[in-house]
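# Structural characterization, general
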Amino acid sequence: MPTNKKELRLHYKSLRKELSENDIEEKSLAIANALIQLPIWDKTYYHVFLPIEEQREVNTEYVLHLLSGKDKEIVVSKSDFETRGMTHFLLTDNTRIKKNEYNIPEPVNGLPVPSETIEVVFVPLLVFDGFGNRVGYGKGFYDKFLAECKPETIKIGLSFFEAEHQIADVFEADVKLDYCVTPLKTYTFGL
C-alpha cells in the first residue's frame, strides 16, 4: 500500500475516477449531513472550496446550502498560480463565478475577506491520515492559506475515503486538520 504523498496522490486520484456521478452526489450529501453534528456553528466566517468537477471533488453545494440556511458569511477564493497564494471574497448573490484555466471555479470579483477573519475552513484533499495530515494536489495553496489564518481557525477536511494509517513524508510546514469528515465517519484530531 502506498505511504508517501506522491504514491498516495496517484492512488486516490485513480480511486476518485472510479466514482460515478451518483456516488459523488450521495457521498457529498452524507458528508454535509455529518457536518451538522460538529461543534462549529457558533462562528460567522466559513471558507468553502468550489469543487473541480473534472477532478471529481466533493460537491460542496450541499455545504453551501447548509451555511446559507444558517445565515453564515460564506467565503470563496481565487488562486494565483505565480505566487501560490489565494485571495478570498465574500460569496453573495452578486458574485460571478467563472472557471479558471485549471477548471477551478472562482469568484470574478467581490468583497475581499482577509485570511485572519476566516473562522472555519473546509479543506479539499485527496487523502488524509489518522494524525490529521492531508495530501492535496501538491501545489501548497492550502498550506500557505492555512498558515495565514489564526491558530484557532477550525480546519475541516472533506474526503470520500477513510483515513490512511500514516503519511510517511509529512513536513513541519504542513498544516494539520482539526477534523476530517467522510461519508461514513468523522475524525477528530488533537482537539
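Residues numbered from 1 in each chain as written. Predicted model: local features only at pLDDT ≥ 70, side-chain atom pairs only at ≥ 80, totals over all residues. Heavy atoms only, no water.

### A look at the nonpolar core
Of all hydrophobic cores here, the largest spans 54 residues; its most connected members are Leu-35, Ile-40, Phe-122, Ile-156 and Leu-158. For this core, the element with the highest residue contribution is helix H2 (residues 21–35), accounting for five residues. (Core = buried A, V, L, I, M, F, W, Y, C linked by side-chain atoms within 4.5 Å. Buried < 20%, exposed > 50% of the residue type's maximum accessible area, 1.4 Å probe, protein only. Helix = DSSP H or I, 4+ residues; strand = E, 2+ residues; numbered from the N terminus.)

### Let's talk about the pairing of strand E9 (residues 154–158)
Extensive coverage of E9 is indicated by the burial of five of its five residues. Looking at chain direction, strand E6 (residues 120–124) and E9 are connected through five bridges and run parallel. Within E9, the position partnered with Val-123 by the bridge is Gly-157. (Pairing = 2+ DSSP bridges.)

### Things to note about the sheet that holds strand E1 (residues 45–47)
With mixed pairing, seven strands are arranged side by side in an open sheet as E3-E2-E1-E6-E9-E10-E11. What marks the edges here is a single partner per strand, and that holds for strand E3 (85–90) and strand E11 (186–188). Each strand of the sheet is rotated relative to its neighbour by a mean of 25 degrees, with strand direction disregarded. The pairing of strand E10 (residues 179–181) with E11 spans three bridges and is classified as antiparallel. Each residue of the ladder has a partner; that of Cys-180, found in E11, is Tyr-187. Strands in contact with helix H3 (residues 61–69) are E1, strand E2 (73–80), E6 and E9; relative to E2, the strand with the most contacts, it is inclined by about 140 degrees. (Axes fitted to C-alpha atoms, helices over the stretch in contact; angles between N-to-C directions. Contact = heavy atoms within 4.5 Å.)

### Regarding H2
Taking 1.5 Å of rise per residue, 15 residues should cover 21 Å, and H2 covers 21 Å from first to last C-alpha, within 8% of that figure. The set of residues buried in H2 consists of Ile-24, Ser-28, Ile-31, Ala-32, Ala-34 and Leu-35. The arc that holds the buried residues of H2, viewed along the axis, is 160 degrees, so those residues lie on one side. Against the buried residues of H2 lie H3, E6, E9, E10 and E11. (Expected span 1.5 Å × (residues − 1). Arc of directions from axis to C-beta.)

This is a description of form; function is not addressed.
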